[in-house]
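Each chain, written out:
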Amino acid sequence: MSAKIPEAVLQRFSEFVVGRTGLYFPPARWPGLLRGLEDAAADLGYSDVETCARMLMEAPPDRRRIDTLAHHLTIGETYFFREPAVWEALEAEILPALIAARRVSDRHLRIWSAGCSTGEEPYSIAILLARLLPDLASWNVAVLGTDIDCAALARAEHGVYREWSFRGVPDGLRQARFETAEGGRYRVKGVGKRLPRFAYLNLVDDVYPSFTNGTNALDIMFCRNVLMYFERSAAEAVVRRLHRALIDGGWLIVAAAEADAALFPGFATVRIGDALLYRKEGGAAAVQPRERRTGLAMARGGEAGAPASVGLSGAAAGAGKHRERGTVEAPDRRRTGVGGECVQRGVIDPSSSPKTLALACRDYANRGAFDEARRWGEAAVAADKSDPGLRYLLASVLEESGQPEDAKAALRQALYLDPDHVLAHFSLANLLRRLGQPSRAAAHFTVAQRLLDGTAADALLPDGEGMTAGRLREIIDAAERIS
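Now for a look at the structure at hand.

About the thresholds
- Residue numbers run consecutively from 1 along every chain, following the written order of its sequence.
- Restriction of local features to residues with pLDDT of at least 70 applies here, the model being predicted, together with a cutoff of 80 or more for giving and counting side-chain atom pairs; totals for whole chains, interfaces and linings are based on all residues.
- The basis for every side-chain value is the complete set of heavy atoms in the structure, and neither hydrogens nor water enter the calculation.
- Whether a residue is buried, partly exposed or exposed follows from its accessible area with a 1.4 Å probe, protein chains only, as a fraction of its type maximum: under 20%, in between, or over 50%, in that order.
- Numbering of helices and strands starts at the N terminus; helices are DSSP runs of H or I of at least 4 residues and strands are runs of E of at least 2.
- Between any two strands, at least two bridges found by DSSP are needed for them to pair.
- Geometry is summarised by axes, namely lines fitted to C-alpha atoms with helices restricted to the contacting stretch, and by angles between N-to-C directions that run from 0 to 180 degrees.
- Reported orientations rely on four angle classes, namely roughly parallel under 35 degrees, roughly antiparallel over 145, roughly perpendicular from 65 to 115, and oblique for the rest.
- Two helices crossing with the near one rotated counterclockwise from the far one by less than a right angle form a left-handed crossing, whereas a clockwise rotation gives a right-handed crossing.
- Throughout, a contact is declared for two residues whenever any of their heavy atoms are within 4.5 Å.
- Put simply, Ala, Val, Leu, Ile, Met, Phe, Trp, Tyr, Cys and Pro go in the nonpolar bin, Asp, Glu, Lys and Arg in the charged bin, and everything else, Gly too, in the polar bin.
- In this analysis, rings of Phe, Tyr and Trp, with Trp reduced to its six-membered ring, are considered paired at centre separations within 6.5 Å, and the interplanar angle assigns stacked below 30 degrees, edge-to-face beyond 60, and tilted for intermediate values.
- We call a charge positioned above a ring when the Lys NZ or Arg CZ atom is no farther than 6 Å from the ring centre and deviates by at most 35 degrees from the ring normal.
- Put simply, buried Ala, Val, Leu, Ile, Met, Phe, Trp, Tyr and Cys residues joined by side-chain atoms within 4.5 Å make one nonpolar core.
- Between Lys or Arg on one side and Asp or Glu on the other, a salt bridge is scored when a side-chain nitrogen of the former is within 4 Å of a carboxyl oxygen of the latter.

Turning to the pairing of strand 2 (residues 140-147), a few remarks are in order. Burial analysis of strand 2 places seven of its eight residues in the buried class, the great majority of the element. Both strand 1 (residues 108-114) and strand 2 contribute to a ladder of seven bridges, which runs parallel. Bridge pairing in strand 2 links S113 to G145. Here five bridges tie strand 2 to strand 6 (residues 196-200), and the two strands are oriented parallel to one another. Within strand 6, the residue paired with G145 across the bridge is F198.

Here the focus is the sheet that holds strand 5 (residues 186-188). Strand order in this open sheet of three strands is 3-5-4, and the pairing throughout is antiparallel. The sheet is open, and its two edges are formed by strand 3 (160-161) and strand 4 (178-180), each paired on a single side. Where strand 3 and strand 5 come together, two bridges link them in antiparallel fashion. Residue pairing for strand 5: V160 is matched across the bridge by R187.

Moving on, we get to the packing of helix 17 (residues 438-453) against helix 18 (residues 469-482). Running from amino to carboxyl end, helix 17 crosses helix 18 at an angle of 150°, the nearest separation of the two axes being 10 Å. When the interaxial angle is binned, helix 17 and helix 18 end up roughly antiparallel. Classified by chirality, the crossing of helix 18 by helix 17 is left-handed. Along the contact surface, helix 17 presents F445, A448, Q449, L452 and D453, while helix 18 presents A469, L472, R473, I476, D477, A479 and E480. Looking at side-chain class alone, the contact of helix 17 with helix 18 contains seven nonpolar, one polar and four charged residues.

The next point concerns the packing of aromatic side chains. Describing an aromatic ring pair means giving the distance of the ring centres and the angle of the ring planes. This model, assessed by the stated rule, comprises 14 aromatic pairs. With a centroid separation of 6.2 Å and an interplanar angle of 55°, the aromatic rings of F426 and F445 are classed as tilted. Of this pair, F426 sits in helix 16 (residues 422-434) while F445 sits in helix 17, and the two are 19 residues apart along the sequence. Accessibility expressed as a relative area gives 3% for F445, which makes it buried. Aromatic ring contacts, followed pair by pair, group F80, Y123, Y161, F166, F178, Y186 and F198 into a single cluster. Its end group placed over the ring of F25, R29 keeps NZ or CZ at 4.5 Å from the ring centre. Across from the ring centre of Y208, 3.9 Å away, lies the NZ or CZ of R241, which sits over that ring.

Turning our eyes to something else, we now look at the nonpolar core. F13, L90, W112, L203, I220, F230 and L252 are the most contacted members of the largest nonpolar core, which has 147 residues in total. It is helix 5 (residues 84-103) that contributes the most residues to this core, nine residues altogether. Setting aside residues no more than four positions away along its own chain, W112 makes contact with L144, T146, L201, L203, Y208, T215, L218, I220, M221, F222 and L242.

Tallied over the full model, the rule gives 28 salt bridges. Between E405 and K408 there is a salt bridge; the shortest N-O distance is 3.3 Å. Of this pair, E405 and K408 both sit in helix 15 (residues 404-417), three residues apart, roughly one helical turn. Taking the shortest distance from any N to any O, the salt bridge between D453 and R473 comes out at 3.7 Å. One end of the pair, D453, is in helix 17; the other, R473, is in helix 18, with 20 residues separating them in the sequence. Judged by its relative accessible area of 57%, D453 falls in the exposed class. What emerges from the salt-bridge pattern is a single network uniting R20, D206, R471 and E474.

Treat this as a map of the structure, not an account of what it does.
What follows is the structure in structure tokens.
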């Protein structure tokens, strides 16, 4: 190792990497750091790794270079329905309980796959939901996949995979949910392709939980083979934020190698079959043992409503004990915070100030109670029709509640009031891209970039919940490379 790069330089470079990406490489992992640096140097046009390392550390920050480095430092190894026990637990216990509870209320589900790499995990989630929800079109379902690797996210958006991504997956599923593509590959089709949304997000640096990027009020959070890349303090900080992102009783799914009760305070450890999961404590009933149905029905690729058959890993046997496999009651997602409590106590009512009404709107939105959030957001707009930030807030709520056209109208109203509202341009660009209007989306991305070019990198953006101009500039650059 010292023949290629001095250890002092490698030490400084490892500190640079953790500062810019959150990826932790102690001395025991320096060989892996050096291998990633060598691959990144080749991509960036450097034949000498030390020169590349010094350039990355000393040159002005460049998101493209950092993304190239991150791409080579992380292992993007993933495939469909990885760790079958987790998917059996989701299909047999967790999702049926959520679906039954929401079917009689707001028909709303929110799932986030962090560190999704090339997208197999979010698409697996979408395929399972399509299997369990024959009336999926009448639900507001959000499946978000995020990563720091823009190249991987671009592949995820494309949704085309080689044979390697299907290892262990029955042929019936592939035939039902995929279509053949060029070069002997397979493309996700139908609702499985349309449901997931992909975005750049750095778990160490970026703003979350936030309803403005879909990372709040989550029912289920996948964060597998991600925490192992962080130093302990960074991992603990990420877990605290993931805890806030989940509703009470929400589920956190990590890799088996990352299971460590000390890292997950505020979570109950729950074993369902062979899967070890974490559930956010508060507002959720205990798991009650019962006989569990066999296998993963969707593995056959059958239609919704078909009886269970042979699963991905066969049947799971044995009865559960306390905190073991059993009937999972849906969590209470309506517990309120400061704003909601003030509403219930009558401290906030429609005659309150616009700022106070916006507080109630944000509070309900951050807990996934979007009908209430819309009510108070509309009240805030009515109280001050000239404030573009209130229109932007309402648009964020409308989009998260599955009303994209109303959200688009609210964003256009915000821009009418303030043509330089950079976050409104950014949000409208993302929305238009998801609505299949790439040229219009590109126009708003361009305006947002132009506005940011005249703003100091460390300047906080209005209505940005702590987002800086420099960070948004990097996120827009990443979004344009993903699309």
